[in-house]
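Below, each chain spelled out in residue letters.
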Amino acid sequence: MKREKIKDILGRQVAGGGLTAAGWVRSARLSPNVAFIDLTDGSTAGGLQIVLSPETKNFELMERVHTGCSVLVEGELVDSPGKGQKYELQATSLALLGEADPEQYPIQKKKHTMEFLRTKAHLRVRTNTFAAVFRLRSHLSQGIHHFFRNRGFFYVHAPLITTSDCEGAGQMFQVKAPGEQEFFGKPAWLTVSGQLEAELLALGLGEVYTFGPTFRAENSNTPRHLSEFWMVEPEMAFYELSDNMDLAEEFIKSLLSYMLNNDLEDLEFMQRWYRKGLLEQLEKIIERPFERLSYTEATKQLSASGKNFEFPTEWGNDIQTEHERYLSEEKVGGPVIIHDYPAKIKPFYMRLGDDGQTVGAMDVLLPGIGEIIGGSQREERYDVLLARIRKQGLDEAAYQWFLDTRRFGTVPHSGFGLGLERMLLFLSGMANIRDVIPFPRTPGNAEF
Ligand code: ATP
Ligand code: MN
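Presented here is an overview of the structure given in this document. (Residues numbered from 1 in each chain as written. Chains lettered and ligands numbered in written order. Predicted model: local features only at pLDDT ≥ 70, side-chain atom pairs only at ≥ 80, totals over all residues. Heavy atoms only, no water.)

1. A closer look at the overall build of the chain
Inference 1: Per the secondary structure count, the chain includes 12 helices and 16 strands.
Inference 2: By principal-axis analysis of the C-alpha atoms, the chain measures approximately 85 × 55 × 40 Å.
Inference 3: For the chain, long-range pairs separated by at least 24 residues make up 67% of all intrachain contacts whose partners lie at least 6 apart in sequence.
Inference 4: For the chain, the computed accessible surface area is about 21300 Å², with 50% contributed by carbon and sulfur atoms.
Inference 5: Distance from the positive charge centre (50 side chains) to the negative charge centre (61 side chains) of the chain: 3 Å. (Helix = DSSP H or I, 4+ residues; strand = E, 2+ residues; numbered from the N terminus. Contact = heavy atoms within 4.5 Å. Areas by Shrake-Rupley, 256 points an atom, 1.4 Å probe, with all protein chains shown as cover. Lys, Arg positive; Asp, Glu negative; His and termini not counted. Charge placed at Lys NZ, Arg CZ, Asp CG, Glu CD.)

Printed below as a string of structure tokens:
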């Protein structure tokens, strides 16, 4: 079916010429001598205004054209006399591709709640909001590849089915096949992170990244947690913690610039309806260096804040969401990188500091979101790594392959993980992470 995308039609330099457009009706108005359709095809936030008259072939079909119908229109593109659009399409013929009974079509003009639209995940992409969010999601994904390709990183694929637990904590969905036997000869799970595998690839290719789905069976019913989410995990040989922090900062800034350059229109839409001052906030983040604070300094500032936090702020406790938000929103008013955490609250693979108490971990916090990136310099010393595996009570034999990378040609290396949906929450101004992924999976919910 030959048709022109509405994005291209609206982007034309001059009006004139016959063309065919197709899409879904956002609204339709009919009077005896004239009719209007506001048409979208998903390609852009703007709609194409279509003007029909009794001379239009099949004008009588307008009786059956309502919000949600799909139509194909041929016509002449002319300058629009009306306000709000540059061009309009004067229809010479109309075809009704798919009807939508106005009594039954669930997406009405009135404003629906996000919760209601989640129950219509198969139709919510027809709304202006969700179409914008999913276009942003596509651009963001491409921006990620763009960043790493420009820096010579290789895109590698970590397995989704794994037999080792990256975090050393039970947050994994088990993978089972019918029957009694272990399908893989031993227990297997869905991955919580591709990091360990990415490390092996980095220790041969130099600079790599994975970008794919990860799974967490944690019962976190928060607006920032999903059971299935997408994570970007760069892993770099010959990077120390400060190099890792530099890369994380450049990465975030580059993604924001990419979005401003490639999908300004949808950002403007989100700013208008969901987050005042969004564009200015993005620009400020791009311009200024990120604040860097050691964990020790951060806990001092938290204790001195005079705030009545729910969780303790003494050295040795984990930094909770409420602390993250205080630091990035109130104390600093921008992104913050916290580094060098107590070893006992972090996984075994992070590099032990000279003090024997801290590890080379770093988290990047964003205002309104909290943790967007978690990363570390990895423990590259065989003996130290082995001791930490033992100390954490992990099965040494299961990690032989990982230890081997430290037995043969080990090098200092680092990496981090960024959650795609958290970044999209930040960019879109949406309030709930379930509204930035097409088909959200959360405890108790895996519809569609
Ligand atoms: P949090 O403390 O917020 O649960 P985490 O410490 O478990 O995060 P990491 O294991 O470091 O997070 O994962 C790296 C990144 O993946 C996080 O910084 C975040 O952006 C994202 N992320 C982690 N868990 C989830 C989740 N359940 N849903 C969506 N994104 C997540
Ligand atoms: Mn978590």
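So that's the structure; there's more coming.
2. Focus on the sheet that holds strand E2 (residues 34–40)
Inference 1: In spatial order, the strands read E1-E2-E3-E5-E4; together these five strands close into a barrel with mixed pairing. Each neighbouring strand pair of the sheet contributes to a mean axis angle of 50°, computed without reference to strand direction.
Inference 2: Relative to strand E3 (residues 48–52), E2 is paired through five bridges, and the arrangement is antiparallel. Residue pairing in the sheet places Leu 39 in a bridge with Leu 48 of E3. (Pairing = 2+ DSSP bridges. Axes fitted to C-alpha atoms, helices over the stretch in contact; angles between N-to-C directions.)

3. What about the packing of aromatic side chains?
Inference 1: Taken as a whole and assessed by the stated rule, the structure comprises 19 aromatic pairs.
Inference 2: Geometrically, the ring pair formed by Phe 148 and Tyr 209 is stacked, given 4.4 Å between the ring centres and 25° between the ring planes. Here the residue Phe 148 occupies a position in helix H3 (residues 128–150), and Tyr 209 occupies one in strand E10 (residues 207–215), the gap between them amounting to 61 residues. For the pair Phe 148 and Tyr 209, a shared accessibility class is recorded, and that class is buried.
Inference 3: Taken together, a centroid distance of 5.0 Å and an interplanar angle of 40° make the contact between Phe 148 and Phe 251 tilted. On the criterion of sequence distance, the pair formed by Phe 148 in helix H3 and Phe 251 in helix H5 (residues 241–262) is long-range, its members being 103 residues apart. (Phe/Tyr/Trp six-rings, centres within 6.5 Å; stacked < 30°, edge-to-face > 60°. Buried < 20%, exposed > 50% of the residue type's maximum accessible area, 1.4 Å probe, protein only.)

4. Comments concerning the site of ligand 1
Inference 1: Surveying the vicinity of ligand 1 reveals 15 residues, the closest of which are Arg 216, His 225, Leu 226, Glu 371 and Ile 372.
Inference 2: At 2.9 Å, a side-chain N or O of Arg 216 approaches an oxygen atom of ligand 1.
Inference 3: Contacts to ligand 1 include Glu 371, whose side-chain N or O atom sits 2.8 Å from an oxygen atom.
Inference 4: Bound to the protein, ligand 1 loses 82% of the 580 Å² it would expose on its own.
Inference 5: Looking at the shell around ligand 1, the elements with two or more residues in it are strand E11 (228–237), strand E15 (370–377) and strand E16 (413–419).
Inference 6: A class-by-class count of the residues in the shell around ligand 1 yields six nonpolar, four polar and five charged. (Near = heavy atom within 4 Å. Polar contact = N/O pair within 3.5 Å; in protein donor to acceptor, adjacent residues only side chain to side chain. Nonpolar A, V, L, I, M, F, W, Y, C, P; charged D, E, K, R; others polar.)

5. As for a nonpolar patch on the surface
Inference 1: There is a patch of nonpolar side chains on the surface, built from Leu 160, Ile 161, Phe 183 and Phe 184 and spanning about 400 Å² of accessible area.
Inference 2: By secondary structure assignment, the location of Phe 184 is in the loop between strand E8 (174–175) and strand E9 (188–190).
Inference 3: Taking relative accessible area as the criterion, Phe 184 reaches 41% and is therefore assigned partly exposed. (Patch = residues over 30% accessible without salt bridge, like charges linked within 9 Å, V, L, I, M, F, W, Y side chains within 5 Å. Salt bridge = Lys/Arg side-chain N within 4 Å of Asp/Glu carboxyl O.)

6. Brief notes about the pairing of strand E1 (residues 18–31)
Inference 1: Two strands pair when backbone bridges link them, and E1 and strand E4 (residues 70–79) are joined in this way by seven bridges, in the antiparallel orientation. What sits directly across from Gly 18, in E4, is Glu 76.
Inference 2: For E1 and E2, the ladder comprises seven bridges, and the chain directions are antiparallel. If you follow Ser 31 over to E2, its bridge partner there is Val 34.
Inference 3: Between E1 and the antiparallel strand that follows it, E2, lie two residues.

7. Points about the side chain of Asp 41
Inference 1: Considering the arrangement of structural elements, one finds Asp 41 in the loop between E2 and E3.
Inference 2: Separated by 3.0 Å, the side chains of Asp 41 and Arg 3 make a polar contact.
Inference 3: Polar side-chain contacts of Asp 41 include one of 2.9 Å to the backbone nitrogen of Ile 6.

8. Observations regarding the environment of Asp 355
Inference 1: By the secondary structure assignment, Asp 355 is in the loop between strand E13 (336–342) and strand E14 (358–366).
Inference 2: Owing to a relative accessible area of 46%, Asp 355 belongs among the partly exposed residues under this scheme.
Inference 3: For Asp 355, the side chain forms a polar contact with the main-chain nitrogen of Gln 357, separated by 2.9 Å.
Inference 4: Within the structure, Asp 355 has its side chain in polar contact with the side chain of Thr 358 (distance 2.8 Å).

9. Remarks on the sheet that holds E8
Note: strands within a sheet are paired through backbone hydrogen bonds, in either parallel or antiparallel orientation.
Inference 1: Ordered by their spatial adjacency, three strands build an open sheet running E7-E9-E8, and the pairing between neighbours is antiparallel. Of all the strands in the sheet, just strand E7 (161–162) and E8 have a single pairing partner and so form its edges.
Inference 2: As defined by bridge partners, E8 adjoins E9 across two bridges and the pair is classed as antiparallel. For Val 175, the partnering residue across the bridge sits in E9 and is Ala 188.

10. A look at helix H12 (residues 420–428)
In an α-helix, one full turn covers 3.6 residues, which means residues spaced three or four apart are oriented alike.
Inference 1: With respect to burial, H12 is a largely interior element, nine of its nine residues being buried.
Inference 2: Turning to H12, its buried residues are Leu 420, Glu 421, Arg 422, Met 423, Leu 424, Leu 425, Phe 426, Leu 427 and Ser 428.
Inference 3: Once H12 finishes, Gly 429 follows within two positions and takes phi at roughly 75°, a positive value.

11. Observations concerning the packing of H3 against H12
Inference 1: Where H3 contacts H12, the two axes come as close as 10 Å, and the packing angle between them is 125°. One finds that H3 runs oblique with respect to H12. Handedness of the crossing formed by H3 with H12: right-handed. Along its contact with H3, which presents Val 133, Leu 136, Arg 137, Leu 140, Ser 141 and Ile 144, the element H12 presents Leu 420, Glu 421, Met 423, Leu 424, Leu 427 and Ser 428.
Inference 2: Residue composition of the contact of H3 with H12, by class: eight nonpolar, two polar and two charged. (Parallel < 35°, antiparallel > 145°, perpendicular 65-115°, else oblique. Left-handed = near helix turned anticlockwise from the far one by under 90°.)

12. Topic: unusual backbone geometry
Inference 1: Positive phi values are uncommon outside glycine, yet Asn 58 reaches one of about 70°.
Inference 2: Among the secondary structure elements, Asn 58 is positioned in the loop between E3 and E4.
Inference 3: Unlike most non-glycine residues, Asp 340 shows phi in positive territory, near 60°.
Inference 4: Here Asp 340 is to be found in strand E13.

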